[in-house]
Amino acid sequence: MQSTELARGAIEGAYFLIGAAEFVWYLDQEGIIRGQGSEYTDAVRELLRAVRDVDLGDHIASRILPSALLDSETEGGSYFAARREAFQYIERVTETLDTVDALVLPTLRTQPPGFGEMESAEDMLALLGNTAPFNLARVPAVSVPVGTVKGAPVAAQVVGSQFSDLQTLAIAEQLPRID
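Every residue gets a number counted from 1 within its own chain, in the order that chain's sequence is written. This being a predicted model, a pLDDT of at least 70 is required before a residue's local features are given, and a value of 80 or more before pairs of side-chain atoms are given or counted; all residues contribute to the totals for chains, interfaces and linings. Here the side-chain values reflect all heavy atoms present in the structure, with hydrogen atoms and water set aside.

1. Focus on the environment of serine 161
Okay, step 1: Counting from the N terminus, the helices are the DSSP runs of H or I reaching at least four residues and the strands are the DSSP runs of E reaching at least two. Considering the arrangement of structural elements, one finds serine 161 in the loop between strand S3 (152-159) and helix H7 (165-174).
Okay, step 2: Expressed as a C-alpha distance, the spacing of serine 161 and valine 93, which sit 68 residues apart in the sequence, is 8.4 Å.

Written out as C-alpha cells, the structure is:
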C-alpha cells in the first residue's frame with residue numbers, strides 16, 4: 001500500500017472515530033460542548049435528551065457504536081490519536097493550499113448509490129471519502145453539479161484555504177461553465 005493510501009485510510013478512520021465520539025458526547029451532555037457551553041434553549045436540550053433515549057436505528061448504531069466503544073474502552077486514547085492525525089492532516093492540507101488557489105476534485109469516488117445500497121463502512125467511504133476529510137481540515141469546501149454520467153448527476157468539489165470562503169465560492173461558481 002502506498003503512503004498516500006495509508007494517509008487516506010488514517011484520516012478516514014480519524015473522521016469516523018472523531019465524529020462518533022463527539023456525537024455520543026454531544027448527546028450525553030445534552031448539547032453542551034466541552035469548553036464552549038451551550039446556547040440551546042431548555043426545549044432543545046430536552047429534545048437531545050429524548051434522542052439519546054430512543055433507538056436511532058441499526059444504520060446509525062453500526063456507524064456510531066464501534067468508535068464510541070473504542071473511545072470509551074481506551075479512556076479517550078483513541079480519540080486523542082484520531083485528533084493528532086487530524087492535526088497532521090490540517091498541516092498537509094494547509095501546505096498544499098498555500099501553493100494553489102483551490103483544489104478541485106470529484107465529490108464522490110463512485111456513482112451515487114441507489115436507495116438502500118449503502119450497507120457497510122466501505123459504502124459510506126465511497127460516499128464521504130472525498131468530502132469528510134475536509135471537515136476535519138477546517139477549510140471551506142463546496143460541491144457543485146458539473147454534468148451527468150449514465151444519467152446520474154456528477155459533482156465536483158472546490159476546497160479552499162481556511163477563511164477563503166468567498167474565493168472558494170467564486171471558483172465553484174465557474175465550474176459549471178467549464179466544458
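2. Structural notes on the packing of aromatic side chains
Okay, step 1: Here is the rule: rings of Phe, Tyr and Trp (six-membered ring for Trp) pair when centre to centre is within 6.5 Å. Planes less than 30 degrees apart are stacked, more than 60 are edge-to-face, and the remainder are tilted. Applying the stated criterion to the full structure yields 3 aromatic pairs.
Okay, step 2: Measuring from centroid to centroid gives 5.5 Å for tyrosine 15 and phenylalanine 16, while their planes differ by 70°, and the two rings are edge-to-face.

3. A word on the pattern of salt bridges
Okay, step 1: The salt bridge criterion pairs a side-chain nitrogen of Lys or Arg with a carboxyl oxygen of Asp or Glu, the two atoms within 4 Å. Under the criterion given, the structure shown has 4 salt bridges.
Okay, step 2: Between glutamate 46 and arginine 49 there is a salt bridge, and its shortest N-O distance comes to 2.7 Å. Of this pair, glutamate 46 and arginine 49 both sit in helix H2 (residues 42-52), 3 residues apart, which is roughly one turn of that helix.
Okay, step 3: Exposed residues in this analysis have more than 50% of their type's maximum accessible area, buried residues have under 20%, and partly exposed residues fall in between, with area computed by a 1.4 Å probe over protein chains only. Among the residues examined, arginine 49 registers a relative accessible area of 26% and is labelled partly exposed.
Okay, step 4: Among the ionic pairs, glutamate 85 bridges to arginine 92, the shortest N-O distance being 3.5 Å.
Okay, step 5: Taking the relative accessible area as the measure of exposure, arginine 92 reaches 33% and is therefore partly exposed.

4. Comments concerning the environment of tyrosine 89
Okay, step 1: On the secondary structure map, tyrosine 89 appears in helix H4 (residues 77-97).
Okay, step 2: Overall, the relative accessible area of 12% leaves tyrosine 89 in the buried class.
Okay, step 3: Between the alpha carbons of tyrosine 89 and leucine 136 there is a distance of 8.0 Å; along the sequence they are 47 residues apart.
Okay, step 4: Those residues within four positions of tyrosine 89 in sequence are excluded, and the remaining contacts are Ile11, Pro133, Phe134 and Ala137. Any pair of residues with heavy atoms lying within 4.5 Å of one another is described as a contacting pair.

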